[in-house]
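Residue-level structural notes
Here is how the chains run, residue by residue.
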Amino acid sequence: MDESFESTFITLTDEDGNETELEYLDTLEYNGAVYMSFFPTIPEDEADSAEDNDDYGMIILKVVSDNGDEEELVTIENEAELNAVYDLFMEALFEDEDDEE
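Here's what I pulled together on the structure shown here. Residue indices begin from 1 for each chain and proceed along its sequence in written order. Whole-chain, interface and lining totals are the exception, using all residues; otherwise, since this is a predicted model, local features are given only for residues with pLDDT of at least 70 and side-chain atom pairs are given and counted only at 80 or more. Water and hydrogen atoms were dropped before computing side-chain values, which therefore reflect all heavy atoms in the structure.

**Topic: the overall build of the chain**
For clarity, the threshold we go by: By the criteria applied, helices consist of DSSP H or I runs no shorter than four residues and strands consist of E runs no shorter than two, each listed in order from the N terminus. Burial here depends on accessible area, computed with a 1.4 Å probe over protein chains only, as a share of the maximum for the residue type. Under 20% is buried, over 50% is exposed, and the range in between is partly exposed. When checking whether two residues touch, look at their non-hydrogen atoms; a contact exists if any pair is within 4.5 Å. To be clear on the numbers: accessible area is Shrake-Rupley with a 1.4 Å probe, and residue cover counts the displayed protein chains and nothing else.
Counting its secondary structure elements, the chain contains two helices and five strands. Along the chain direction, N to C, the helices and strands of the chain fall in the order β-β-β-α-β-β-α. In the chain, buried positions account for 18% of the 101 residues. Sequence separation of 24 or more characterises 33% of the internal contacts of the chain that already satisfy a separation of 6 or more. Taken as a whole, the chain presents about 8,000 Å² of accessible surface, with 42% of it coming from carbon and sulfur.

Okay, here's the thing in structure tokens:
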């Protein structure tokens, strides 16, 4: 089996201890910062309704250093920054699709 089609999943824990499983999509750099994109995993019992639910769209997180050797993923608060990074991820996604044809 071709390893390029295997998915990578991570589990994030928020400050309240809630866990969320995400499927990794891509990483890119913008204005000196690193961003990662994910899709949330969809429980089987919610698969039919997920298509119409905004909670199952692409999630973009910023990689930041915690003043040590560790890095953490944080949400992007600035809407202009989020929109710019989203556009870059979409360009990369469509570029990859064009390369496959």
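Moving on, there is more to tell.
**Things to note about the layout of surface pockets**
What counts, and what does not: As defined here, a cavity is a set of points on a 1 Å grid over the protein atoms alone where a 1.4 Å probe fits but cannot get out. A pocket is an open set with protein on both sides within 12 Å along at least five of seven lines, and residues line them when an atom is within 4 Å of a point. Grid points are joined across faces, edges and corners, and a volume is the space filled by probe spheres set on the points. Under the scheme applied, nonpolar residues are Ala, Val, Leu, Ile, Met, Phe, Trp, Tyr, Cys and Pro; charged residues are Asp, Glu, Lys and Arg; polar residues are all the others, including Gly.
Computed from the structure, the second largest pocket encloses a volume of approximately 300 Å³. Surrounding the second largest pocket, L12, T13, D14, E15, N18, T20, L22, I59, L61, L73, V74 and T75 form its lining. Elements with a contribution of two residues or more to the lining of the second largest pocket: β1 (9-13), β2 (19-30), β4 (59-65) and β5 (71-75). The element contributing the most residues to the lining of the second largest pocket is β5, with three residues. Partitioned by chemical class, the residues of the lining of the second largest pocket number six nonpolar, four polar and two charged.

**Some words on the pattern of salt bridges**
Note the threshold: Only one rule defines a salt bridge in this text: a Lys or Arg side-chain nitrogen within 4 Å of an Asp or Glu carboxyl oxygen.
Counted according to the given criterion, the structure contains one salt bridge. Ionic pairing is found between K62 and E81, a salt bridge with its closest N-O pair at 3.1 Å. Here E81 lies in helix α2 (residues 79-100) and K62 lies in strand β4, a separation of 19 residues in the sequence. Among the residues examined, E81 registers a relative accessible area of 18% and is labelled buried.

**Quick word on the sheet that holds β1**
The strands that make up a sheet pair up through hydrogen bonds in the backbone, lying either parallel or antiparallel. Rules: Should DSSP find at least two bridges between two strands, the strands are taken to pair. Structural elements are reduced to axes, namely lines fitted to C-alpha atoms, with helices fitted over the stretch in contact, and the angle between N-to-C directions of any two is expressed from 0 to 180 degrees.
Across the sheet, which stays open at both edges, the five strands sit in the order β1-β2-β3-β4-β5 with antiparallel pairing between neighbours. At either margin of the open sheet sits one strand with a lone partner, and together these are β1 and β5. The sheet shows a mean angle of 50 degrees between the axes of neighbouring strands, taken without regard to direction. The pairing of β1 with β2 spans five bridges and is antiparallel. Residue pairing in the sheet places I10 in a bridge with L22 of β2.

**Quick notes on a negative patch on the surface**
As a reminder, the rule being used: Like-charged residues are merged into a patch within 9 Å and nonpolar side chains (Val, Leu, Ile, Met, Phe, Trp, Tyr) within 5 Å, provided each residue has over 30% relative accessible area and no salt bridge. Counted as positive: Lys and Arg. Counted as negative: Asp and Glu. His and the chain ends are not counted at all. Taken as the charge location is NZ of Lys, CZ of Arg, CG of Asp or CD of Glu.
Taken together, the side chains of D66, D69, E70, E71 and E72 define an acidic patch exposed on the protein surface. Considering the arrangement of structural elements, one finds D66 in the loop between β4 and β5. What makes D66 partly exposed here is its relative accessible area of 39%.

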